[in-house]
Amino acid sequence: FAAFGAGREVFHMDVLGWNLVYMAIEFPVFFAATLLFDHPSRLKRAQQLFHKPDERPPPIEGEDEDVAKERAEVENNERPGDLVVVKGMCKVYPTSKGHNVAVKNLTFGVKPAEVFGFLGTNGAGKTTCFYMIVGLVAADKGKVLLGSDDITDAPMHQRASHGLAYLPQDSSIF
């Protein structure tokens, strides 16, 4: 029991004391670093650095006729009744071999009381798109409009206060 401080006080420097001193120094340092790196205002500034809402995305080749028509209507503001509008939304994730395009130049509008859903194969970007609309993931390019308000850079709680919500298949906090 000599290694565990038998015969000495528990808070003796060789038993528990140095560990407590180390924790007393370590906690404020790591707490400050966490606040510095993860503070919402810093994340918003980083998002604004990389987000390019007005940059024109590349044209889509082989697009269906009705999809191309809706894209043109939304981009030219010819659908004034749309409640939710997504224009040119893109998301690219870096990988060890380059990059993975999750969402490429997505544009659509949703009218009030319209039921809207995405259909696609696994990995097509459906979940990423919904995450970008509700603010869980920052879009690399594009805009999200709720009515006439641009909510592209708005945090998730502000989007929710405007009535924009996402109900996943799994259990959720919200």
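For the structure itself, look to the data block above.
The following refers to the structure shown. (Residues numbered from 1 in each chain as written. Predicted model: local features only at pLDDT ≥ 70, side-chain atom pairs only at ≥ 80, totals over all residues. Heavy atoms only, no water.)

Describing the side chain of Thr 152
In this structure, Thr 152 sits in the loop between strand 4 (149–150) and helix 5 (156–161). Here the side chain of Thr 152 touches Val 144 through a polar contact of 2.9 Å, landing on its backbone nitrogen. (Helix = DSSP H or I, 4+ residues; strand = E, 2+ residues; numbered from the N terminus. Polar contact = N/O pair within 3.5 Å; in protein donor to acceptor, adjacent residues only side chain to side chain.)

Focus on helix 4 (residues 126–134)
Listed in full, the buried residues belonging to helix 4 are Thr 128, Cys 129, Met 132, Ile 133 and Val 134. Along its buried surface, helix 4 packs onto strand 1 (84–95), strand 2 (98–110), strand 3 (141–146) and helix 5. (Buried < 20%, exposed > 50% of the residue type's maximum accessible area, 1.4 Å probe, protein only. Contact = heavy atoms within 4.5 Å.)

Considering the environment of Gly 147
Inspection of the secondary structure puts Gly 147 in the loop between strand 3 and strand 4. Separated by 66 residues in sequence, Gly 147 and Gly 81 have C-alpha atoms that sit 8.5 Å apart.

Notes on the packing of aromatic side chains
The geometry of two aromatic rings is summed up by the distance between their centres and the angle between their planes. The full count for this structure, using the stated rule, is 5 aromatic pairs. Between Phe 27 and Phe 31 the ring centres are 5.6 Å apart and the planes differ by 20°, which places this aromatic pair in the stacked class. In this pair, Phe 27 and Phe 31 both sit in helix 1 (residues 13–38), 4 residues apart, roughly one turn of the helix. Both rings, one in Phe 116 and one in Phe 118, keep their centres 5.3 Å apart while their planes meet at 85°; by these two values the pair is edge-to-face. Of the residues examined, Phe 116 reaches a relative accessible area of 32% and is grouped as partly exposed. Accessibility expressed as a relative area gives 22% for Phe 118, which makes it partly exposed. (Phe/Tyr/Trp six-rings, centres within 6.5 Å; stacked < 30°, edge-to-face > 60°.)

Structural notes on the pairing of strand 2
Note on strand geometry: in a regular strand, side chains alternate between the two faces of the sheet. Both strand 1 and strand 2 contribute to a ladder of 9 bridges, which runs antiparallel. Looking across to strand 2, one finds that Lys 91 is bridged to Val 103. Connecting the antiparallel pair strand 1 and strand 2 is a turn made up of 2 residues. (Pairing = 2+ DSSP bridges.)

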